[in-house]
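Chain and residue survey
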Amino acid sequence: MKAIRRFTVRPVLPDPLRPLGDLARNLRWSWHAETRDLFKALDPDGWRAAGEDPVRLLGAVGAARLDTLAQDRRFLRRLTAAADDLDDYLHGHRWYQDQSGELPSAIAYFSPEFGVTAALPQYSGGLGILAGDHLKSASDLGVPLIGVGLLYRHGYFRQSLSRDGWQQEHYPLLDPNELPVSLLREPDGTPATVSLALPGGRALRAAIWQARVGRVPLLMLDSDVEDNGPGERDVTDRLYGGGSEHRLLQEMLLGIGGVRAVRTYCRLTGHPAPEVFHTNEGHAGFLGLERIRELAGDGLEFDAALESVRAGTVFTTHTPVPAGIDRFDRELVARHLGDDGELPGVDVEKILQLGMETYPGGEPNLFNMAVMGLRLAQRANGVSTLHGAVSRQMFAGLWPGFDPQEVPITSVTNGVHAPTWVAPEVLRLGARQIGTGRAEDALAVGGSDRWDAVADIADAEIWELRRDLREQLVTEVRERLRASWRQRGAGSAELGWIDGVLSPDVLTIGFARRVPSYKRLTLMLRDRERLMELLLHPTRPVQIVVAGKAHPADDGGKRLVQELVKFADDPRVRHRIVFLPDYGMKMAQKLYPGCDVWLNNPLRPLEACGTSGMKAALNGCLNLSVLDGWWDEWFEPDFGWAIPTADGAATDEDRRDELEANALYDLIEDRVAPRFYDRGAAGLPDRWIEMVRQTLTTLGPKVLAGRMVREYVTRLYAPAAAAHRSLDPSTARELAQWKARVRGAWPRVAVDHVEAAAPDAAAQNGTAELGSTLALRVRVALGELGPDDVEVQAVAGRVDAADSIADAAVFPLKPAGGPDLEGRWIYEGPLALDRTGPFGYTVRVLPAHPGLATHAELGLVAGPTEATGEGAGVLMR
């Protein structure tokens with residue numbers, strides 16, 4: 001019989017065990033080993049059956065066991081210590097509280113997904129895992145962050161395989177009452193809600209669930225409430241599911257509803273209101289429109305409100321390809337944000353202008369969420385140095401007249417939350433060297449450039465650790481493989497071969513990630529005979545563990561999964577290569593430490609960062625990767641290998657894959673495998689162990705999310721908070737009016753004449769000596785503007801054959817006279833010839849105002865024309 005209603009019966013804990021409830025409801029247990037060990041001791045069998053989820057464990061443990069533990073002095077001492085440690089963690093001073101200067105009182109961090117723990121499955125891949133790591137590291141550092149997302153009743157899909165290896169999706173229903181979350185409630189006990197207006201007089205309402213991520217509250221909006229109609233109840237059904245309007249409603253709820261949820265949370269708890277809003281990818285971009293609406297309600301005009309909102313907003317782009325960005329039909333957005341929908345009192349045409357692709361090559365009728373995110377944020381960043389460069393090129397159309405390197409998008413390279421991803425065995429090894437407290441701080445907070453204490457660990461200890469982790473992975477793989485084959489319809493009698501799958505003494509390569517085509521899951525299959533030779537080599541065999549999910553709508557990705565699965569099913573190699581379905585956080589926490597090599601072979605430069613290799617590196621796993629994302633930035637031969645890329649314009653796709661696959665096989669056969677299997681005098685792979693040591697020593701401190709969050713605080717959050725504070729309503733109006741005046745006057749701004757007093761006669765002939773100086777004199781027309789509105793610059797550097805300036809240096813020039821009868825001004829200044837070789841310069845005029853974050857912010861620049869004269873860009877050769 002089927003139940004007509006489902007609800008959760010919570011246990012009543014005996015008084016001595018009450019702290020268990022607080023420990024279970026704070027997700028710090030997901031990265032705090034002592035707390036996890038405590039729950040495991042509560043009921044070891046139940047802990048595994050509950051999926052290592054304390055909330056589920058407490059709901060299943062029997063009353064007799066609880067009564068026994070309530071009398072167990074040893075257990076109670078451990079419980080008291082864990083509860084005291086959590087209290088100190090939540091309320092003690094941490095890194096943020098010890099910083100000087102005026103930091104934001106609070107930051108709101110919006111993301112469509114959060115991967116905090118497998119017990120809260122609200123993530124699909126790297127974006128969500130990064131967001132979860134950001135929250136956890138902010139908590140460790142004491143950063144006053146408020147996370148904002150959606151609570152998806154089906155989460156992301158669970159993956160299984162059919163008998164023929166085709167991906168199948170399942171969407172289990174998640175009951176929030178069985179998750180480590182609680183409803184945010186009003187003082188009278190009723191659930192707190194937010195509401196959005198929809199066309200036709202309808203409303204979209206959502207409850208606010210709260211997860212405690214250490215010190216950080218994570219607010220999650222849930223539309224599955226009784227006051228909604230059937231369509232509205234389903235808005236938060238699945239992560240990245242549904243059609244265009246469904247996705248638009250999700251993103252409106254995340255952005256607009258999310259701001260309202262933050263306001264409600266601060267009202268109910270007394271938490272300081274955020275001074276900075278951080279948009280993690282464009283999905284949450286509507287948050288800026290809601291904040292404009294708030295200011296408009298206080299009497300501020302749209303343009304002034306826009307300046308105020310921009311000053312306090314940070315936008316992070318994770319997408320290196322336009323196809324990865326959400327874009328909506330203009331009319332769909334207008335219908336939902338017009339007079340009959342949300343944001344009353346805000347001009348819908350001005351809203352549309354924020355997201356329209358009004359640049360060469362753009363689609364004029366599409367509303368682009370990333371474009372809106374960039375226009376609504378004064379500060380923006382990519383997630384690795386290379387991705388920052390790709391983003392500046394990709395979005396250069398928003399800043400016409402500027403070279404891509406001057407586009408105001410910086411980069412903060414991603415990091416990973418080490419306490420989540422480092423195996424306990426690795427942490428214990430470090431703790432034996434420097435003590436538990438210092439080891440935990442090194443992983444959570446970071447701050448040092450190198451972990452030199454790793455040098456003191458004996459080679460034998462490192463190698464024993466690596467084998468132990470590999471052996472754990474072998475056990476995990478066999479269990480998961482057996483379960484997968486049973487799902488595929490196999491009987492126990494035909495699965496005896498699984499007991500011989502993988503070996504704890506064979507070089508193990510890992511590959512696990514989402515399966516879009518650019519990540520090239522099947523590049524390793526390019527030459528199957530050669531791959532078989534590597535797998536079955538008589539003295540230097542290789543074994544490979546593969547996992548990954550294709551998007552449910554991506555049949556091309558599913559075909560790649562099936563192709564890999566069918567190869568791994570071949571009886572000749574199935575003991576050496578496996579595909580594990582349903583890749584997620586729990587699997588990853590065994591996979592990263594257990595592999596010797598982490599493989600990454602995307603199409604360069606389409607991997608924005610690629611944090612899975614970082615997690616592997618923190619466990620002493622070596623990276624074998626295309627120079628993309630973070631590996632392009634930090635690769636050194638001391639701790640890994642770079643796969644050469646064939647990304648020249650003349651190389652077609654098929655030929656490129658062939659060349660890069662061959663390079664991959666060569667590296668494994670000639671360099672990776674020999675280094676793993678070659679033994680020194682003590683029977684250990686000395687050179688391999690040295691690479692592991694270098695990985696931990698040099699890469700370890702760099703890949704930390706603690707380093708990443710500290711960079712966000714100092715480089716983006718603090719300046720954004722200062723800019724936000726400086727823009728009171730009158731200052732915001734002044735800035736908006738100034739921008740409007742400059743835009744209107746800019747067509748009449750020009751560089752009229754440039755002349756240079758050469759240092760010696762030789763310069764007249766196009767040469768000059770290093771260290772000499774040119775005296776520049778420039779005449780500019782400013783029209784209705786004055787010197788306080790602009791900066792005149794000389795831009796100089798080496799030039800290429802086309803006279804394009806590279807590695808440019810900027811020299812501000814000073815007004816020396818004017819205006820003349822025609823309104824022209826004279827600017828002067830020295831130009832140092834500080835480098836040899838072909839050298840050139842030019843001059844330009846840019847808007848200047850204390851409220852601008854960069855000179856490029858308005859996308860306005862005036863430079864010399866052909867009529868300006870030869871002196872406008874003298875070249876020294």
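Nothing here was measured: the structure is a model prediction, and the numbers come from that model.

Focus: the overall build of the chain
Regarding its fold elements, the chain presents 29 helices and 27 strands. Computed over its C-alpha atoms, the radius of gyration of the chain comes to 30 Å, within 12% of the 29 Å expected for a compact globule of 877 residues. Projected onto its principal axes, the C-alpha coordinates of the chain cover approximately 95 × 75 × 50 Å. When the 877 residues of the chain are sorted by exposure, 57% land in the buried category. Counting every atom, the chain has about 35,300 Å² of accessible surface; 49% of that belongs to carbon and sulfur. Within the chain, the 120 negative side-chain charges are centred at a point lying 5 Å from the centre of the 98 positive side-chain charges.

Looking at the pairing of strand E22 (residues 773-781)
Bridge count for strand E21 (residues 750-757) against E22 is seven bridges, and the pairing is antiparallel. For Val751, the partnering residue across the bridge sits in E22 and is Val780. Judged from the nine bridges that link them, E22 and strand E25 (residues 824-832) form a sheet pairing that is antiparallel. Looking across to E25, one finds that Arg779 is bridged to Ile826.

Side note on the packing of helix H9 (residues 244-269) against helix H10 (residues 287-297)
Geometry of a packed helix pair, given as the angle between the helix axes and the separation of the axes. Packing of H9 against H10 leaves a shortest axis separation of 7 Å and a crossing angle of 60°. On the basis of their axis angle, the class for H9 and H10 is oblique. Crossing handedness for the pair H9 and H10: right-handed. Within the contact between the two elements, H9 uses Gly255, Ile256, Val259, Arg260 and Arg263 and H10 uses Leu287, Glu290, Arg291, Arg293 and Glu294. Across the contact of H9 with H10, the residue classes break down as three nonpolar, one polar and six charged.

Digging into the packing of helix H19 (residues 459-487) against helix H26 (residues 686-699)
Running from N to C, H19 and H26 point in directions that differ by 85°, and their axes come no closer than 10 Å. Classed by the angle they form, the pair H19 and H26 counts as roughly perpendicular. Residue-level contacts link Asp459, Ile462, Trp463 and Arg466 of H19 to Asp686, Trp688, Ile689, Val692 and Arg693 of H26. Residues of the contact of H19 with H26, tallied by class, amount to five nonpolar, no polar and four charged.

Things to note about the nonpolar core
Counting residues in hydrophobic clusters, the biggest one holds 107 residues, and the most contacted among them are Leu507, Met524, Ile544, Leu624, Trp641 and Trp688. Top element by residues in this core is helix H25 (residues 653-677). It accounts for ten residues. If sequence neighbours within four positions are ignored, Leu507 has contacts with Pro541, Val542, Gln543, Asp596, Val597, Val672, Ala673, Phe676, Tyr677 and Trp688.

Observations concerning a positive patch on the surface
Side chains of Arg73, Arg74, Arg77 and Arg78 sit close together on the surface and give a patch of like positive charge. Its location among the elements puts Arg74 in helix H6 (residues 73-91).

A word on the sheet that holds strand E15 (residues 507-512)
Pairing within the open sheet is parallel, and its six strands lie in the order E17-E16-E15-E18-E19-E20. What marks the edges here is a single partner per strand, and that holds for strand E17 (577-580) and strand E20 (640-643). Sheet twist, expressed as the average angle between the axes of neighbouring strands with direction ignored, equals 20°. In this fold H25 packs onto E15, strand E16 (542-547), strand E18 (597-600), strand E19 (622-626) and E20, with an angle of close to 165° to the strand it touches most, E20. The sheet strands contacting H26 are E15, E18, E19 and E20, and the helix crosses E19 at an angle near 80°.

Here we look at the environment of Glu113
Tracing the sequence through the fold places Glu113 in the loop between strand E1 (107-110) and helix H7 (126-141). Along the sequence, Glu113 and Gly142 sit 29 residues apart, while their C-alpha atoms lie 22 Å from each other. A polar side-chain atom of Glu113 sits 3.4 Å from the main-chain amide nitrogen of Gly125. Within the structure, Glu113 has its side chain in polar contact with the side chain of Tyr240 (distance 2.6 Å).

As for the environment of Leu659
Structurally, Leu659 can be placed in helix H25. For the pair Leu659 and Pro44, spaced 615 residues apart in the sequence, the C-alpha separation amounts to 51 Å. Excluding its chain neighbours within four sequence positions, the residues that come into contact with Leu659 are Ala646 and Thr651.

Re the pattern of salt bridges
The final tally for this structure, using the stated rule, is 66 salt bridges. Across the salt bridge formed by Arg482 and Asp499, the nearest N and O atoms sit 2.7 Å from each other. You can see Arg482 sitting in helix H19 and its partner Asp499 sitting in the loop between H19 and E15, a full 17 residues away along the chain. Between Glu607 and Lys519 there is a salt bridge whose closest N-O contact spans 2.8 Å. In this pair, Glu607 sits in the loop between E18 and helix H23 (612-617) while Lys519 sits in the loop between E15 and helix H20 (528-535), placing the two residues 88 residues apart along the sequence. Comparing Glu607 with Lys519, the two get one shared label, buried.

A short note on the packing of aromatic side chains
This structure, assessed with the given rule, holds 19 aromatic pairs. Between the aromatic rings of Phe286 and Phe367, the centroid separation amounts to 6.2 Å while the plane-to-plane angle is 15°, which identifies the pairing as stacked. Of this pair, Phe286 sits in the loop between strand E9 (276-280) and H10 while Phe367 is found in strand E12 (residues 366-368), placing the two residues 81 residues apart along the sequence. For the pair shown, Phe286 and Phe367 are each scored as buried. Through a chain of ring-to-ring contacts, the aromatic side chains of Trp463, Trp641, Phe676, Tyr677 and Trp688 assemble into a single cluster.

Describing empty space enclosed by the protein
On inspection of all chains with the given rule, the structure shows eight cavities of 30 Å³ or more. Looking at the largest cavity, its volume works out to about 80 Å³. Of all the elements in the fold, those that place two or more residues in the lining of the largest cavity are H19, helix H21 (555-569) and E17. For the lining of the largest cavity, the residue count by class is nine nonpolar, no polar and three charged.

Considerations on the side chain of Asp222
For Asp222, the location among the structural elements is in strand E8 (residues 216-222). One polar contact links Asp222 to Trp209, side chain to side chain, over a distance of 3.1 Å. Looking at Asp222, its side chain comes within polar contact range of the main-chain nitrogen of Asp224, at 3.0 Å. In this structure, Asp222 is in contact with Leu151, Arg153, Pro176, Arg205, Ala206, Ala207, Trp209 and Thr236, ignoring residues within four places of it in sequence.

A few points about helix H15 (residues 385-394)
Among the residues of H15, those classed as buried are Leu386, His387, Gly388, Val390, Ser391 and Arg392. Contact partners of the buried residues in H15: strand E13 (379-382), strand E14 (410-411) and helix H24 (629-634).

Notes on the side chain of Asn26
As for its position among the elements, Asn26 is in the loop between helix H1 (19-25) and helix H2 (33-42). Take Asn26: its relative accessible area is 6%, and that puts it in the buried class. When neighbours within four sequence positions are excluded, Asn26 is seen to be in contact with Leu86, Leu90, Arg212, Val213 and Gly214.

Definitions and limits used
Residues numbered from 1 in each chain as written. Predicted model: local features only at pLDDT ≥ 70, side-chain atom pairs only at ≥ 80, totals over all residues. Heavy atoms only, no water. Helix = DSSP H or I, 4+ residues; strand = E, 2+ residues; numbered from the N terminus. Rg over C-alpha atoms; globule rule 2.2 N^0.38 Å. Buried < 20%, exposed > 50% of the residue type's maximum accessible area, 1.4 Å probe, protein only. Areas by Shrake-Rupley, 256 points an atom, 1.4 Å probe, with all protein chains shown as cover. Lys, Arg positive; Asp, Glu negative; His and termini not counted. Charge placed at Lys NZ, Arg CZ, Asp CG, Glu CD. Pairing = 2+ DSSP bridges. Axes fitted to C-alpha atoms, helices over the stretch in contact; angles between N-to-C directions. Parallel < 35°, antiparallel > 145°, perpendicular 65-115°, else oblique. Left-handed = near helix turned anticlockwise from the far one by under 90°. Contact = heavy atoms within 4.5 Å. Nonpolar A, V, L, I, M, F, W, Y, C, P; charged D, E, K, R; others polar. Core = buried A, V, L, I, M, F, W, Y, C linked by side-chain atoms within 4.5 Å. Patch = residues over 30% accessible without salt bridge, like charges linked within 9 Å, V, L, I, M, F, W, Y side chains within 5 Å. Salt bridge = Lys/Arg side-chain N within 4 Å of Asp/Glu carboxyl O. Polar contact = N/O pair within 3.5 Å; in protein donor to acceptor, adjacent residues only side chain to side chain. Phe/Tyr/Trp six-rings, centres within 6.5 Å; stacked < 30°, edge-to-face > 60°. 1 Å grid on protein atoms, 1.4 Å probe; cavity = no way out; pocket = protein on both sides within 12 Å on 5 of 7 lines; lining within 4 Å. Points joined across faces, edges and corners; volume = space filled by probe spheres on them.

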